[in-house]
Amino acid sequence: MLDRSGGWNLAADIIPGAKPTEIPGMAGTVTEIFGYGLWILILAGVGGVGYGFFKLAVSDKGRNGGGSEPFKWMGGGLVAIVISGSLIAMLNGVAG
């Protein structure tokens, strides 16, 4: 959605306090989309970890249950959280 200033307000309602920091040398719209994209990647990682915990709770614990799949979901979610969190920290260090 467009806000009153003419910029994109993509995830302000979904992610409280996720105001992207302005990156020097990049256009305003690109900076906002990139910043919100990183916050959405964190939410996707949290969802992956949660889904992994859910699959672990309801999985067949027998020998032929395929017990590694929940850990793949949780590991992928953690990797997404760590990568996007470190990118956010780096960008805030560059911009601030």
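Everything here concerns the structure above.
Please read all numbers here as calculations on a predicted model, not as lab measurements.

**Student:** Just to check I follow, could you spell out the packing of aromatic side chains for this structure?
**Tutor:** Geometry of an aromatic ring pair is reported as the spacing of the ring centres plus the angle between the planes. Counted by the stated rule, this structure contains two aromatic pairs. Where Tyr51 meets Trp73, the ring centres are 4.7 Å apart and the plane angle is 75°; that geometry is what we call edge-to-face. Here the residue Tyr51 occupies a position in helix 1 (residues 28–58), and Trp73 occupies one in helix 2 (residues 69–95), the gap between them amounting to 22 residues. Look at Tyr51 and you get partly exposed, because its relative accessible area is 36%. The partly exposed category is assigned to Trp73, whose relative accessible area is 38%. By the ring-pair criterion, three or more aromatic residues cluster together here, those being Tyr51, Phe54 and Trp73.

**Student:** Even after reading the chapter, I still don't get the side chain of Ser84, so can you show me in this structure?
**Tutor:** In this structure, Ser84 sits in helix 2. Relative accessible area serves as the criterion here: at 0%, Ser84 is assigned to the buried category. From its side chain, Ser84 meets the backbone oxygen of Ile81 in a polar contact 3.3 Å long.

Rules behind the numbers
- Residues numbered from 1 in each chain as written.
- Predicted model: local features only at pLDDT ≥ 70, side-chain atom pairs only at ≥ 80, totals over all residues.
- Heavy atoms only, no water.
- Phe/Tyr/Trp six-rings, centres within 6.5 Å; stacked < 30°, edge-to-face > 60°.
- Helix = DSSP H or I, 4+ residues; strand = E, 2+ residues; numbered from the N terminus.
- Buried < 20%, exposed > 50% of the residue type's maximum accessible area, 1.4 Å probe, protein only.
- Polar contact = N/O pair within 3.5 Å; in protein donor to acceptor, adjacent residues only side chain to side chain.

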